[in-house]
Amino acid sequence: MTKNLVIVESPAKAKTIGGFLGKDYTVRSCMGHVADLSKKDLGVDIADGFTPKYVISPEKKKVVAELTKLARESETVWLASDEDREGEAISWHLVEALNLEESRTRRIAFHEITKTAIQEAIESPRPIDRNLVNAQQARRVLDRLVGFELSPLLWKKIKPSLSAGRVQSVAVRLIVEREEEIKNFQSVSAYRIVADFLLKTDTRPVTVKAELNRRFNTKEEAVAFLKQCIAAQYGVEEVDTRPAKKSPAPPFTTSTLQQEASRKLGFSVANTMRVAQELYESGFITYMRTDSVNLSDMALAMARKEIGAAFGEEYVKTRKFSTRTKGAQEAHEAIRPTYLTNRTIEGDKSHKRLYELIWKRTIASQMADAELEKTTVTIGITGSADKFVARGEVVRFDGFLKVYMESSDEEEQNGEEGMLPPMSTGDRLDLQVMTAQQKFTQQPYRYTEAMLVKKLEELGIGRPSTYAPTISTIQKREYVVKEDRPGTMRNFTEITLKKGIITEEVKTEKVGYEKSKLFPTDIGTLVNSFLLKHFENIMDYNFTASVEEEFDEIAEGRLVWNSMISDFYWPFHKQIEETLESSGKVSGERHLGADPKTGLPVYVKIGRYGPMVQMGDSDADEKPKFASLNKGQSLETLTLEEALDLFKLPRTLGEFEDSPVVVATGRFGPYIRHHSQFYSLPKAVDPLAVDLPQAIEIMEAKRKADSQKILAEFNDGDRHIQVINGRFGAYITCNKENYKIPKSRDARSLTLEDVKKIMSETSPTKPKSKKKK
DNA sequence: CAGTGAGCGAGCTTCCGCTTGACTT
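Below or above, wherever it landed, is the structure these notes cover. Treat the numbers as computed from the prediction; the structure is a model and nothing was measured.

## Observations concerning the sheet that holds strand S24 (residues 659–666)
Spatially, the four strands line up as an open sheet ordered S23-S24-S25-S26, and their pairing is antiparallel. Two strands in the sheet have a free side with no partner beyond their single neighbour: strand S23 (651–656) and strand S26 (677–680). Put simply, the sheet's adjacent strands are angled 30° from each other on average, direction ignored. Here six bridges tie S24 to strand S25 (residues 669–674), and the two strands are oriented antiparallel to one another. Bridging across to S25, Thr665 finds its partner in Pro670. Along the sheet, helix H19 (residues 692–709) makes contact with S23, S24, S25 and S26, crossing S23 at roughly 70°.

Here it is as structure tokens:
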């Protein structure tokens, strides 16, 4: 029997708070939402004023049963879900699901997990804010209506199993449009003039690097300028020194953590979140899904102490950062180490690295500004109005730079600014070398996962808990792919003036090399243009922001939630019906030309299983031939020649062991089929060129590898039992049933008796049921 | 893992946001 039951959202939080509250309080977690719209149908009764049909989420049945029991035994139930729209709805759903009586239910909220914050919260409970709950309900119903009406439209018009939604469809649009910008980008070049000068000083001469204050559009102009400089003299005209300062970045939110972990550690968004979750569960960091840059007073005090002790008092400067993010709800603190005294932690490499990044960012955010001195030296040229400019930067006081500097997404930083020697007006400079470099304008950058998250956050689309899942959804649907692309070589001209002689040289540089960037697929592009054509309003980058304004009005009690939904739904539903009627099936079909042998037309289009080529018309007497596109080929750029090559498979190479050997392409790329066995072709082997001896070699290699996978084989009566070395360790298989081998046993030394014993003691796990893609 | 692409029709897919395990071969 317990007096008080406190319900929070996360188990790790429950553990910490339990320690603060003492024995009169039982603290449990509900693990997020316990109820959601029914999944079997639309889950919204449109005819009845959009009444939501809530059901207890199947995976939460156990939690709800347990909480119901505890609540019945308690005097008072404290609902301590997060203080934001979703948190308020969670509390409301708990009231409904646990059948809580109002008289012994209290709603409390806190933004920090500290003893004082929780005690204060307990002292000031409030009723559940029904307006806020209604705002969440409107958000939920709108997302369901959009997602569950748009997706089936795509199944009908384009391809089964596709999806669309308020967040994911805009994420795809960003990537498709960036690719179009790149495709349409016209690179122009200009000549940049840089020079090394020699400054004579009392001790020894020093080199000063400077750049001309203008660029030349043509080579002729650049050469003319260099010629003019052969006989020129150079002197310092002006020295301008001014102080500057740099301030640290705020502590991490989910989005900035994902960006920095991507830039500094090369982590994918999903990997960052997985490691952060584990750090949180081990008690090393505060909650990792947050949009707040705020630190608790306790954290600030810890920071002051830690910085003072480690670097000295002059390095301490605590700050309160405020969020600039659209729609931020700030239910939690920023992401920070629980104890700033721990510079590092025990754990594997990725945990250590992410933790240290969080520690540095948190500490730096509370350190003094860096004080710099920026110097600009203007260098005159006799006989010319143009000037060379040399820039230098000296750090007078490093401040937060001692610990951490935020990285930037810009790929090329223009010239590191170093130190300049002391100079004064009238100093003479001797030219050592002057170079005119042809510089091309850079195409827009492609998104990494983390850069896409940054962009979505700027647009106010999505929440900290959904950034990583959204990124993975659009990849799972094959709207976008994350890939490396090799880039191409480009020539550029460099003209040098040295010792009065001008020389010209053509050099090459690599451009367009991409690592782990997001590219749209043919399907992504096609779905995007379909949605843009018929649902421009949903695809608008400001759609979320404008509905969020209305959700805010609902939260303030100035707007009725289902009338807002009604105003949105009916015009939207009309768009759906009109599109159903007006639009035929969309396949992005292109006619490539005629097959030179038969004269039949060749098309490329999106089919039921993805991009494909077709030879012949479907209403002709002879059935058309079909073939899938290869990886890396695209609907937009495929040529007739490439299409004709695709029809050359399947190809029979000859006979081996009395059976034909056939090369073909399947869903996972080119393969060899022989005796109903499949053998993948290595990447380097061209399926159009491979011959029989080479194919046999590939098959034998696979057979050898497979034989090493089987650790042991037994025949027990009719049963054929194998011990196999699988991806997740060794296991036993028999009659398509798998059995785990206890960790204490060495799989290689098992006897038939051992195996039979394990099989009788453990229950089999069925291999994964085949899922359709 | 994998070989398909007519048309018929059954039965399936799908959203966003809050939170963890269970499970995989």
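The discussion continues.
## Let's talk about the protein's contact with DNA strand B
For DNA strand B, the set of nearby residues contains 61 residues, the closest of which are His33, Ser161, Tyr287, Tyr609 and Arg673. For DNA strand B, a phosphate oxygen lies 3.2 Å from a polar atom in the side chain of Ser163. Contributing elements (two or more residues each) for the surface near DNA strand B: helix H5 (130–157), helix H9 (269–281), strand S21 (610–615), strand S22 (625–628), S25, S26 and strand S29 (729–734). It is H5 that contributes the most residues to the surface near DNA strand B, nine residues altogether.

## A few points about the pattern of salt bridges
Within this structure, the stated rule accounts for 53 salt bridges. Where Arg463 meets Asp291, a salt bridge forms, and the shortest distance between an N and an O atom there is 3.0 Å. You can see Arg463 sitting in the loop between helix H12 (449–458) and helix H13 (467–476) and its partner Asp291 sitting in the loop between H9 and helix H10 (297–311), a full 172 residues away along the chain. Its salt-bridge partner being Asp430, residue Arg428 comes within 3.8 Å of it at the nearest N-O pair. In the salt-bridge network here, residues are joined through shared partners; they are Glu83, Glu88, Arg107 and Arg126.

## Some points on the pairing of strand S28 (residues 719–726)
By the bridge criterion, six bridges tie strand S27 (residues 710–716) to S28 in an arrangement that is antiparallel. Along S28, the bridge assignment pairs Glu713 with Gln722. Turn length for the S27-S28 hairpin, with the two strands adjacent in sequence and antiparallel, is two residues, and the turn residue Gly717 shows positive phi of about 65°.

## So, the sheet that holds S22
Read across the open sheet, the four strands follow the order S19-S20-S21-S22; overall the sheet is antiparallel. The two strands at the open ends of the sheet, each matched to only one other strand, are strand S19 (590–594) and S22. Taken pair by pair, the neighbouring strands of this sheet meet at an average axis angle of 25°, ignoring direction. Strand direction decides the pairing type here: strand S20 (residues 601–607) and S21, joined by six bridges, are antiparallel. Looking across to S21, one finds that Gly607 is bridged to Gly610.

## Quick notes on helix H7 (residues 219–229)
Here H7 has its buried residues at Ala222, Val223, Phe225, Leu226 and Cys229. Taken end-on, H7 shows its buried residues confined to a sector of 160°, consistent with a single buried face. The exposed residues of H7 that point more than 90 degrees off its buried face are Glu220 and Lys227.

## A word on the environment of Leu600
Inspection of the secondary structure puts Leu600 in the loop between S19 and S20. With residues near it in sequence (within four places) discarded, Leu600 still touches Gly593, Ala594, Asp595, Met615 and Gly616.

## Here's the deal with the nonpolar core
Within the largest apolar cluster, 108 residues are counted, with the highest numbers of intra-cluster contacts made by Leu354 and Leu452. Broken down by element, this core gets its largest block of residues, nine residues, from H5. The contacts of Leu354, once residues within four sequence positions are left out, are Leu257, Ala261, Leu265, Phe267, Thr272, Val275, Ala276 and Leu279. Within the second largest apolar cluster, 28 residues are counted, among which are Ala210, Ala222, Ala390 and Leu497.

## Observations concerning a negative patch on the surface
The grouping of Glu549, Glu550, Asp552 and Asp567 at the surface amounts to a negative patch. Note that Glu549 resides in helix H16 (residues 543–555).

## Description of helix H4 (residues 115–123)
The complete set of buried residues in H4 reads Ala117, Ile118, Ala121 and Ile122. Each buried residue of H4 lies within a common arc of 135° when the element is viewed along its axis, so the set occupies one face. Exposed residues pointing more than 90 degrees away from the buried face of H4 are listed as Thr116, Glu120 and Glu123. Against the buried residues of H4 lie helix H1 (11–21), strand S2 (25–29) and strand S7 (76–79).

What counts and how
- Residues numbered from 1 in each chain as written.
- Chains lettered and ligands numbered in written order.
- Predicted model: local features only at pLDDT ≥ 70, side-chain atom pairs only at ≥ 80, totals over all residues.
- Heavy atoms only, no water.
- Pairing = 2+ DSSP bridges.
- Helix = DSSP H or I, 4+ residues; strand = E, 2+ residues; numbered from the N terminus.
- Axes fitted to C-alpha atoms, helices over the stretch in contact; angles between N-to-C directions.
- Contact = heavy atoms within 4.5 Å.
- Near = heavy atom within 4 Å.
- Polar contact = N/O pair within 3.5 Å; in protein donor to acceptor, adjacent residues only side chain to side chain.
- Salt bridge = Lys/Arg side-chain N within 4 Å of Asp/Glu carboxyl O.
- Buried < 20%, exposed > 50% of the residue type's maximum accessible area, 1.4 Å probe, protein only.
- Arc of directions from axis to C-beta.
- Core = buried A, V, L, I, M, F, W, Y, C linked by side-chain atoms within 4.5 Å.
- Patch = residues over 30% accessible without salt bridge, like charges linked within 9 Å, V, L, I, M, F, W, Y side chains within 5 Å.
- Areas by Shrake-Rupley, 256 points an atom, 1.4 Å probe, with all protein chains shown as cover.
- Lys, Arg positive; Asp, Glu negative; His and termini not counted.
- Charge placed at Lys NZ, Arg CZ, Asp CG, Glu CD.

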